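Here are the chains, one letter per residue:
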Amino acid sequence: MLCIVTQLIDSRYPDTMSTRPTMADVARAAGVSTMSVSYSYNQPTRVSDATRQRVFDAATLLGYTGPHRAARSLRSGKTNNLGVVLTEKLTYSFENPEARAFLSGIAEACLDTDTGLVLLPNSRIGVDLTRIRDAHVDGFVLWTTVVDDPVLDIVTATGKPACIQGGPIHPGIEFIGIDDEAAAHAIGTIGLARAQRPAIISFPRDRDRIADTVLGPEPENATFPVTASRLAGYRRAVVEYGFRWEDIPVAFAATNARTEGATAAHALLREFDADVILCTSDDLALGALDAGAHGVTGWDDSEAAEAAGLTTVAQSLYDQGRHAAGWVLGTLSSIPEAEWSVVARGSTTG
């Protein structure tokens, strides 16, 4: 077969082609229709084994590498790419262990479907929104953002499937995440058992990310839904223990970083003599431990939290990423319920 194809090429292409060979070139060289070449690559069951082999032999000799991916995408409307929208700088996805776990789960779902992964930052309102709107992707997975983020409407306007981790709840976007308020109440109940002067270190309240300390802030005023839900759960636990929420210092960190947790904890220890500090993440909690705080709780059950003996909320962001991407890519018909548990360790029991 290969010899026959070679003879055909030699007779029909006496000179070496200077341009990229096309599907029509392969069809002429193989002595078949252009449609047969298309079927050989895109719907191989529609042609015989002999025809398909003839096409592939001709393609090899011509240096044809298959249908142009961009042109094929335009015809089918599919890009085989999944967009992941972060509310942070791109570096956050590599530096933060929870973000890495979430992305690893997404990558696993992409691997299962031979799908590419496109990281899209959402930290700058102008240029990032345009990039997201014009992204050549088949759907989106979003990292939690603020309730008034314009990216939510931009994503839904594309008409492509989308799922967001941690909220906010938005029409046209599927949600995945745990019941943050219930989990915060549960771990707060454990953390406050020996407290006399409790304090909290929290995620940012809003996109301005101003680091400051506020006594008894209203949780619902936080536009990051994860911040609002976790503060609401902590408030329930605080009140149940007989403390006045209005007296509880809440230090809002500018970013979810260990150094930010240490800075906030130093201030809480110095200004309020805090003897228990409830934190909204392991990173912030580990910073509080670095500052010499006791009675510290975290969130996410990272490897570093386990090594430090930190009481924390356990959830699998890996599974949440995998399930979110699976739903967007169509391999899951529904989103499984995200599970959580409280892991009590020496930071509150010792």
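Basis of the calculations
- Residues numbered from 1 in each chain as written.
- Predicted model: local features only at pLDDT ≥ 70, side-chain atom pairs only at ≥ 80, totals over all residues.
- Heavy atoms only, no water.
- Helix = DSSP H or I, 4+ residues; strand = E, 2+ residues; numbered from the N terminus.
- Rg over C-alpha atoms; globule rule 2.2 N^0.38 Å.
- Buried < 20%, exposed > 50% of the residue type's maximum accessible area, 1.4 Å probe, protein only.
- Contact = heavy atoms within 4.5 Å.
- Polar contact = N/O pair within 3.5 Å; in protein donor to acceptor, adjacent residues only side chain to side chain.
- Salt bridge = Lys/Arg side-chain N within 4 Å of Asp/Glu carboxyl O.
- Domains from an automatic or database assignment.
- Pairing = 2+ DSSP bridges.
- Expected span 1.5 Å × (residues − 1).
- Arc of directions from axis to C-beta.
- Phe/Tyr/Trp six-rings, centres within 6.5 Å; stacked < 30°, edge-to-face > 60°.
- Lys NZ or Arg CZ within 6 Å of the ring centre and 35° of its normal.

### Re the overall build of the chain
In terms of helices and strands, the chain carries 16 helices and twelve strands. Relative to its length of 350 residues, the chain is extended, with a C-alpha radius of gyration of 27 Å against a globular reference of 20 Å. Oriented by its inertia axes, the alpha-carbon framework of the chain measures out at about 90 × 40 × 35 Å. For the chain, with 350 residues in total, the buried portion stands at 50%. Restricting the contact set of the chain to residue pairs at least 6 apart, pairs at least 24 apart contribute 64%.

### A few points about the side chain of N96
Among the secondary structure elements, N96 is positioned in the loop between α6 (92-95) and α7 (97-112). Note on N96: relative accessible area 3%, which makes it buried. Here the side chain of N96 touches E98 through a polar contact of 3.0 Å, landing on its backbone nitrogen. A distance of 2.8 Å separates the side chain of N96 from the backbone nitrogen of A99, its partner in a polar contact. Contacts of N96, omitting those with residues within four sequence positions, involve N256 and D283.

### Section: the pattern of salt bridges
Under the defined criterion, the tally for this structure stands at 14 salt bridges. R235 is the partner of E218 in a salt bridge, and the nearest nitrogen-oxygen pair spans 3.3 Å. Taken together, the residues span a long stretch of sequence, with E218 in the loop between β7 (212-215) and α11 (225-240) and R235 in helix α11 at a distance of 17 residues. With relative accessibility at 39%, the residue E218 sits in the partly exposed group. Judged by its relative accessible area of 25%, R235 is partly exposed. With a closest N to O distance of 2.9 Å, D301 and R345 form a salt bridge. Separated by 44 residues along the polypeptide, D301 in the loop between β10 (296-297) and α14 (303-307) and R345 in the loop between β12 (340-343) and α16 (346-349) bring together distant segments of the chain. Accessibility expressed as a relative area gives 27% for D301, which makes it partly exposed. Taking the relative accessible area as the measure of exposure, R345 reaches 15% and is therefore buried. Through salt bridges with shared partners, one network takes in E218, E220 and R235.

### What about the domain arrangement of the chain?
A common way to state how big an interface is: give the accessible area lost once the parts meet. Per the domain assignment, the segments of the chain are domain 1 (22-57), domain 2 (81-176) and domain 3 (180-315). Between the C-alpha centres of domain 1 and domain 2 there is a distance of 39 Å.

### Observations concerning unusual backbone geometry
Backbone phi values are negative for most residues with the exception of glycine, while trans is the configuration of most peptide bonds. For the bond running from G167 to P168, omega is 15 degrees, close enough to zero to count as cis. With respect to the helices and strands, P168 occurs in the loop between β4 (162-165) and β5 (174-176). The phi dihedral of D273 falls on the positive side, at around 50 degrees, and the residue is not glycine. Along the chain, D273 turns up in the loop between α12 (258-272) and β9 (276-279). With phi around 115 degrees, D300 is a residue other than glycine that occupies positive phi space.

### Re the sheet that holds β7
Pairing within the open sheet is mixed, and its five strands lie in the order β7-β8-β6-β9-β10. Both outer strands of the open sheet, β7 and β10, are each paired with one neighbouring strand and no more.

### Let's talk about α7
Helix length check: α7, at 16 residues, gives a terminal C-alpha distance of 23 Å against a target of 22 Å (1.5 Å per residue), a fit within 8%. E98, A99, F102, L103, G105, I106, A109 and C110 are the residues of α7 that are buried. Buried residues of α7, viewed axially, fall in a sector of 150 degrees; they line one side. Exposed side of α7, more than 90 degrees from the buried face: L111 and D112 are the residues found there. Its side-chain oxygen placed 3.0 Å from the backbone nitrogen of E98, N96 serves as the N-cap of α7. With its phi angle positive at about 55 degrees, D114 sits one or two positions after the end of α7.

### Quick look at the packing of aromatic side chains
Tallied over the entire structure, the rule returns one aromatic pair. If you follow R205 out to its NZ or CZ, it ends over the ring of F252, 4.5 Å from the centre.

### A short note on helix α2 (residues 23-30)
The buried fraction of α2 is high, at six of eight residues. Turning to α2, its buried residues are M23, D25, V26, A27, A29 and A30. Taken from the residues just after α2, G31 is the one with a positive phi, measuring 75 degrees.

### Remarks on the side chain of T145
Along the polypeptide, T145 turns up in the loop between β3 (140-142) and α9 (151-157). Judged by relative accessible area, T145 falls into the buried class, the value being 1%. Ignoring sequence-local partners within four residues, the contact set of T145 consists of T87, N122, L152, I164, G167, P168, R207, T223, F224 and P225.

### A look at the environment of R205
Note that R205 resides in the loop between β6 (198-202) and β7. Among the residues examined, R205 registers a relative accessible area of 26% and is labelled partly exposed. Dropping the residues within four chain positions of it, R205 is found in contact with D212, V214, A222, T223, F224, T227 and F252.

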